[in-house]
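Report on the structure
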Amino acid sequence: MAILSGKTKAALLGPLNKDNPVIVQVLGICSALAVTAKLEPAIVMAIAVTVVVALANVIISLLRKLIPTRVRMIVQLMVAATLVAIVSELLKAYAFDVNRQLSVFVGLIVSNCILMGRMEAFALGNGPWPSFLDGIGNGLGYGWILVVLGFVRELFGSGTLLGYQIIPQIFYDAGYQNNGFMSLAPMAILLTGVIIWIHRARNKDLQETE
Amino acid sequence: MEEKAMNRESNVYTILFSAIMVVIFALGLSLIHQTLRPKQIQNENVDTMRQILRSLNIEASAAEAEAKYAELIKNAYLIAPDGSKVVGTEGTQYYDRAFSAISRRDAAGLPVFEANVNGNTIFILPMRGAGMWAPIWGYLAVNADGNTIFGATFDHTSETPGLGDAIATQAFGERYIGKRLFQNGAFTSVSVVKPGASSLRGEDYVDGVSGGTITSRSVGVMMYQSIGAYENFLMNLQR
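Remember, predicted model here, so these are calculated numbers, not experimental data.

**A closer look at the nonpolar core**
Membership of the largest hydrophobic core comes to 49 residues, with the highest contact counts inside it found for A:M45, A:V75, A:I109 and A:L115. Elements represented by at least two residues in this core include exactly α2 (29–34), α3 (39–63), α4 (72–94), α6 (105–108), α7 (113–121), α8 (128–158) and α10 (185–202) of chain A together with α1 (11–55) of chain B. Here the element with the most residues in this core is α3(A); it accounts for 10 residues. Ignoring any residue separated from it by four or fewer positions in sequence, one finds A:M45 in contact with A:S31, A:V35, A:L102, A:F105, A:I109, A:Y142 and A:L146. Membership of the second largest hydrophobic core comes to 29 residues, among which are B:L125, B:L140, B:I167 and B:Y176.

This is the structure:
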């Protein structure tokens, strides 16, 4: 038995491209805009969401035959909230500074649509292993968009990457200025739009036919 | 597996399932919290020490903060509203009353930390206030003249990322160095103004952070109120 059969492979790799939660399904946009002014919080957020979605998917998948249909959303929410609380507790104990940087956004993972979406759409109907891969795939699919946004916004908004000065002083002396608009949320949504545009232009099958 | 041993959609099953799940998750969470709590408190205390050091314009890593704090902070105590030291409250350790009064109001008085930097005595006064979304706080280091600012640092729980959260940067704290809290013998505090503007009543001022108007204003209000409570203490130093 192959570790990655066709279906599990699709669960893992699909969200990176044609099933991307952010640029195809347009989920998790709010946090994608909010944490991407700098690259580092974007990376940490990407990791945190990946871990939480993967674990939440596994738990829901293991419980899928026991959960009463009427309360399934509440159960999903409880699993999500508990996992996020645990991540937050762990960060406070072992990565205090990172936790302070992410501030409110760790708590906001609970309300990330990707999390609820994957539990509802995938984990309730699939086994733990495919669900785990689906969670990892969607977390990474969300993550790479965040990293691209964070990279572009920090580089052109602050002239730095991960806090290190990238654009040399000579440029500033010659009259170059950081684009403050890059640091604001509206630019994040414009950049997301540009990514969606490029992605759809390259994948004709994603375009609606008239 | 016994097929359909219990109807999954019945009310009894739903209620039982929910109750059991809640108990299991709550127990697990509180267990994790209890296990990690000592480590978290330790982190918080070290972080407070780092912030106190930051007000002295010293950036210490988490690993070296405790040693540096022990080296520079010579005394800590509570003061009464008239500015006098409250007897029996001295001690710089995190379990002493001055340290715990930073995060929890102590009815006996306000905390003061005394540092010795290059032979000069510096007084560090904690500040607490309301930011745009949640609490903000900071530490103001005042020279022995009780008037000029030696250094300042600010922090927050959840000011707007990329905008108001800039109050926590070193660059913002450094704007306070050398500013005076008193003008002509009266406490005026230091206001935070829009870059390019000047203060209304002739007090010293610093530029706010761009895009963080409400947070900037909150910093000004916090300093006026928190340091205002130390007015008599600072006046006594000036005499």
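After presenting the structure, the write-up continues.
**Focus: the side chain of B:E159**
Residues and elements named next belong to chain B. Of note, E159 is situated in the loop between β5 (149–156) and α4 (170–174). We classify E159 as buried; its relative accessible area is 1%. A polar side-chain atom of E159 sits 2.9 Å from the main-chain amide nitrogen of M132. The residues contacting E159, other than those within four sequence positions of it, are G131, M132, W133, A134, I136, G164, D165 and T215.

**Concerning the pairing of strand β1 (residues 73–79) of chain B**
Residues and elements named next belong to chain B. Judged by how many residues are buried, β1 sits mostly within the fold: six of seven residues are covered. The pairing of β1 with strand β2 (residues 110–117) spans six bridges and is classified as antiparallel. What sits directly across from I73, in β2, is A115.

**Looking at the state of the cysteines**
Residues and elements named next belong to chain A. The final tally for this structure, using the stated rule, is zero disulfides over all chains. The thiol of C30 is unpaired, and the distance to the nearest cysteine sulfur, on C113, comes to 5.5 Å. Judged by relative accessible area, C30 falls into the exposed class, the value being 56%. Exposure remark for C113: the relative accessible area of 36% places this residue in the partly exposed category.

**Regarding the packing of aromatic side chains**
Geometrically, a pair of aromatic rings is defined through the distance of the ring centres and the angle of the planes. Residue and element names in this part refer to chain B. Taken as a whole and judged by the stated rule, the model has 14 aromatic pairs over all chains. Measuring from centroid to centroid gives 5.3 Å for Y94 and Y95, while their planes differ by 75 degrees, and the two rings are edge-to-face. Classification of Y94 by relative accessible area gives partly exposed; the value is 36%. A residue is classified by how much of its surface remains accessible, and Y95, at 57% relative accessible area, is exposed. Seen in terms of ring centroids, F123 and F233 are 5.5 Å apart; in terms of plane orientation they differ by 80 degrees. Their pairing is edge-to-face. Residue F123 is found in strand β3 (residues 120–130), and its partner F233 is found in helix α6 (residues 231–238); the two are separated by 110 residues along the sequence.

**Quick notes on a nonpolar patch on the surface**
Residues and elements named next belong to chain A. A surface patch of nonpolar side chains, amounting to about 610 Å² of accessible area, comprises I43, I47, V51, L55, V147, L162 and Y164. Ranked by the residues each element gives to the nonpolar patch, the list is headed by α3, at four residues. Locating V147 in the fold gives a position in helix α8. Overall, the relative accessible area of 31% leaves V147 in the partly exposed class.

**Some points on the side chain of B:S199**
In this fold, B:S199 is placed in the loop between β8 (191–193) and β9 (205–207). If near-sequence neighbours (up to four positions away) are discounted, B:S199 is found in contact with B:S191, B:V193 and B:Y205.

**Here we look at the interface of chain A and chain B**
Quoted interface sizes are often the accessible area lost when the parts come together. On the chain B side, the residues contacting the 29 residues of chain A number 28 residues. Both faces considered, chain A and chain B share a buried interface measuring about 2500 Å² in area, 64% of it formed by carbon and sulfur atoms. Here chain A and chain B share zero salt bridges between them. Elements with a minimum of two residues in the side of chain A that touches chain B: α3, α4 and α5 (96–102) of chain A. When residues in the side of chain A that touches chain B are grouped by element, the largest group, 11 residues, is from α4(A). Residues belonging to the side of chain A that touches chain B are distributed by class as follows: 19 nonpolar, three polar and seven charged.

The rules we used
Residues numbered from 1 in each chain as written. Chains lettered and ligands numbered in written order. Predicted model: local features only at pLDDT ≥ 70, side-chain atom pairs only at ≥ 80, totals over all residues. Heavy atoms only, no water. Core = buried A, V, L, I, M, F, W, Y, C linked by side-chain atoms within 4.5 Å. Buried < 20%, exposed > 50% of the residue type's maximum accessible area, 1.4 Å probe, protein only. Helix = DSSP H or I, 4+ residues; strand = E, 2+ residues; numbered from the N terminus. Contact = heavy atoms within 4.5 Å. Polar contact = N/O pair within 3.5 Å; in protein donor to acceptor, adjacent residues only side chain to side chain. Pairing = 2+ DSSP bridges. Disulfide = S-S within 2.5 Å. Phe/Tyr/Trp six-rings, centres within 6.5 Å; stacked < 30°, edge-to-face > 60°. Patch = residues over 30% accessible without salt bridge, like charges linked within 9 Å, V, L, I, M, F, W, Y side chains within 5 Å. Areas by Shrake-Rupley, 256 points an atom, 1.4 Å probe, with all protein chains shown as cover. Salt bridge = Lys/Arg side-chain N within 4 Å of Asp/Glu carboxyl O. Buried area = accessible area lost by both parts, 1.4 Å probe. Nonpolar A, V, L, I, M, F, W, Y, C, P; charged D, E, K, R; others polar.

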